[in-house]
Amino acid sequence: MTGGNALLVADLIGVAVFAASGASAGVAKRLDLFGVAFVGFAAALGGGILRDLVIGAAPPLAFADWRYAVTAVAVSVAVFWLHPTLHRVRRSVLALDAAGLGLFTVTGTLKALDAGVPEVGACLVGMLTAIGGGLTRDLLTGQIPAVLQREIYAVVALGGAVLVAVLHRFELTGLLPLAASAALMTVVRLLALHRRWSAPVAVP
């Protein structure tokens with residue numbers, strides 16, 4: 001699989017994962033079918049749209065390539081109908097969100113680098129891509145955004161983006177290193193949730 005195909009596959013998997021995360025959050029809030037699909041769509045594509053606007057890719061892939069929108073909506077509708085078989089929805093949302101964080105960090109950073117954005121800027125774009133979907137999902141469902149809470153979230157994305165930039169410099173952008181990077185970020189995020197790792201919080 002070429003680097004371009006690997007990037008597309010990772011991007012679409014990230015869309016599916018964040019769509020499932022957003023739809024699960026919508027189900028937990030007892031939204032109707034349209035509401036669940038809308039939250040899933042926004043969660044899946046919000047970060048990518050932000051990324052494309054920042055790097056000057058117009059129109060954003062979410063609107064230019066039908067596979068992105070169809071994937072987001074199809075997964076969201078599937079979650080709506082299958083949610084009675086899903087146990088512990090809250091845990092599902094957190095696990096899916098962690099996986100989406102890793103995948104979108106990888107694709108966002110690489111796309112920024114391929115667009116000619118310098119490495120530091122590309123890392124910031126990768127982080128914004130990763131947190132954009134979760135931020136949109138939480139705002140739409142009336143939750144305090146995870147990125148603003150104590151458990152590390154954006155820090156994981158930023159660290160992962162730096163790792164991806166290093167791999168890119170050494171031309172290690174095949175499917176295996178990208179998947180390993182996304183998996184590492186997912187594991188770190190889940191560990192942070194399990195062990196309650198957090199950034200410093202101001203004492204009132």
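Residues numbered from 1 in each chain as written. Predicted model: local features only at pLDDT ≥ 70, side-chain atom pairs only at ≥ 80, totals over all residues. Heavy atoms only, no water.

- As annotated in an unreviewed UniProt entry, the protein chain is Membrane protein from Actinoplanes campanulatus.
- Listed under Subcellular location (unreviewed entry) in UniProt, the entry text for the protein chain is "Cell membrane".
- Recorded in UniProt under Sequence similarities (unreviewed entry), the annotation for the protein chain is "Belongs to the UPF0126 family." (UniProt positions renumbered as here; feature names shortened; annotations may be inferred.)

**Here's the deal with the pattern of salt bridges**
And then number 1: Under the definition given, this model contains 4 salt bridges.
And then number 2: The closest approach of N and O atoms between R67 and D65, which form a salt bridge, is 2.8 Å.
And then number 3: For R67, a relative accessible area of 34% translates into the label partly exposed.
And then number 4: Here D65 falls in the buried class, since its relative accessible area comes to 12%.
And then number 5: Linking E119 and R169 is a salt bridge whose minimum nitrogen-to-oxygen distance equals 3.1 Å. You can see E119 sitting in helix α6 (residues 119–140) and its partner R169 sitting in helix α7 (residues 154–169), a full 50 residues away along the chain.
And then number 6: Judged by relative accessible area, which is 32%, E119 ranks as partly exposed. (Salt bridge = Lys/Arg side-chain N within 4 Å of Asp/Glu carboxyl O. Buried < 20%, exposed > 50% of the residue type's maximum accessible area, 1.4 Å probe, protein only. Helix = DSSP H or I, 4+ residues; strand = E, 2+ residues; numbered from the N terminus.)

**Describing helix α2 (residues 33–55)**
And then number 1: For α2, built from 23 residues, the straight-helix expectation of 33 Å at 1.5 Å per residue is met to within 8% by its first-to-last C-alpha distance of 33 Å.
And then number 2: The sharpest bend along α2 reaches about 40° and sits at L45.
And then number 3: Capping the start of α2, D32 holds a side-chain oxygen 3.3 Å from the backbone nitrogen of F34, two or three residues further along. (Expected span 1.5 Å × (residues − 1). Bend = angle between axes of the 7 residues up to and from the residue. Polar contact = N/O pair within 3.5 Å; in protein donor to acceptor, adjacent residues only side chain to side chain.)

**Examining the environment of G142**
And then number 1: Within the secondary structure layout, G142 lies in the loop between α6 and α7.
And then number 2: The spacing of G142 and K29 is 113 residues in sequence and 9.1 Å in space, taken between C-alpha atoms.

**Some details on unusual backbone geometry**
And then number 1: With an omega of -10°, the peptide bond between A58 and P59 qualifies as cis.
And then number 2: Looking at the element boundaries, P59 is found in the loop between α2 and α3 (61–64).
And then number 3: A positive phi angle, near 60°, is found at E171, a position not held by glycine.
And then number 4: Its location among the elements puts E171 in the loop between α7 and α8 (175–195).

**Quick notes on the UniProt feature "transmembrane region" (unreviewed entry) in the protein chain**
And then number 1: On the UniProt side, "transmembrane region" (unreviewed entry) is annotated at positions that read residues 6–26, 33–54, 66–82, 152–168 and 174–192 here.
And then number 2: Between the end C-alpha atoms of residues 152–168 the distance is 25 Å, and the span holds 88% helix and 0% strand.

**Details of the packing of aromatic side chains**
And then number 1: In total, this model carries 3 aromatic pairs according to the counting rule given.
And then number 2: Summarising the aromatic geometry, the rings of F34 and F38 are spaced 6.1 Å apart at their centres and angled 20° between planes, so their arrangement reads as stacked. Highlighted residues: F34 and F38, both in helix α2, separated by 4 residues, approximately one helical turn.
And then number 3: Here the aromatic rings of F80 and W81 are separated by 5.1 Å at their centres, their planes lie at 90°, and the arrangement is edge-to-face.
And then number 4: A residue is classified by how much of its surface remains accessible, and W81, at 58% relative accessible area, is exposed. (Phe/Tyr/Trp six-rings, centres within 6.5 Å; stacked < 30°, edge-to-face > 60°.)

**Remarks on the packing of α6 against α7**
And then number 1: Where α6 contacts α7, the axes come no closer than 8 Å and their chain directions differ by 135°. In terms of orientation, α6 and α7 fall into the oblique class. Two packed elements cross with a definite hand, and for α6 against α7 that hand is right-handed. Residue-level inspection shows E119, C123, L124, M127, A130 and I131 of α6 in contact with α7, the latter providing A154, A157, L158, A161, V162, A165 and R169.
And then number 2: Considering only residue class, the contact of α6 with α7 consists of 11 nonpolar, no polar and 2 charged. (Axes fitted to C-alpha atoms, helices over the stretch in contact; angles between N-to-C directions. Parallel < 35°, antiparallel > 145°, perpendicular 65-115°, else oblique. Left-handed = near helix turned anticlockwise from the far one by under 90°. Contact = heavy atoms within 4.5 Å. Nonpolar A, V, L, I, M, F, W, Y, C, P; charged D, E, K, R; others polar.)

**A word on the nonpolar core**
In a soluble, globular protein the nonpolar side chains are often hidden away together inside.
And then number 1: Counting 32 residues, the largest nonpolar core has V15, A44, L45, L101 and V106 as its most contacted members.
And then number 2: Secondary structure elements with two or more residues in this core: α1 (3–28), α2, α4 (66–82), α5 (89–114), α6, α7 and α8.
And then number 3: For this core, the element with the most residues is α1, which contributes 7 residues.
And then number 4: Sequence-distant contacts of L101, defined by excluding residues within four places in its chain, comprise F18, A130, I131, Y153, V156, A157 and R189.
And then number 5: Ranked by size, the runner-up nonpolar core spans 7 residues in total, among them L113, A122, C123 and A161. (Core = buried A, V, L, I, M, F, W, Y, C linked by side-chain atoms within 4.5 Å.)

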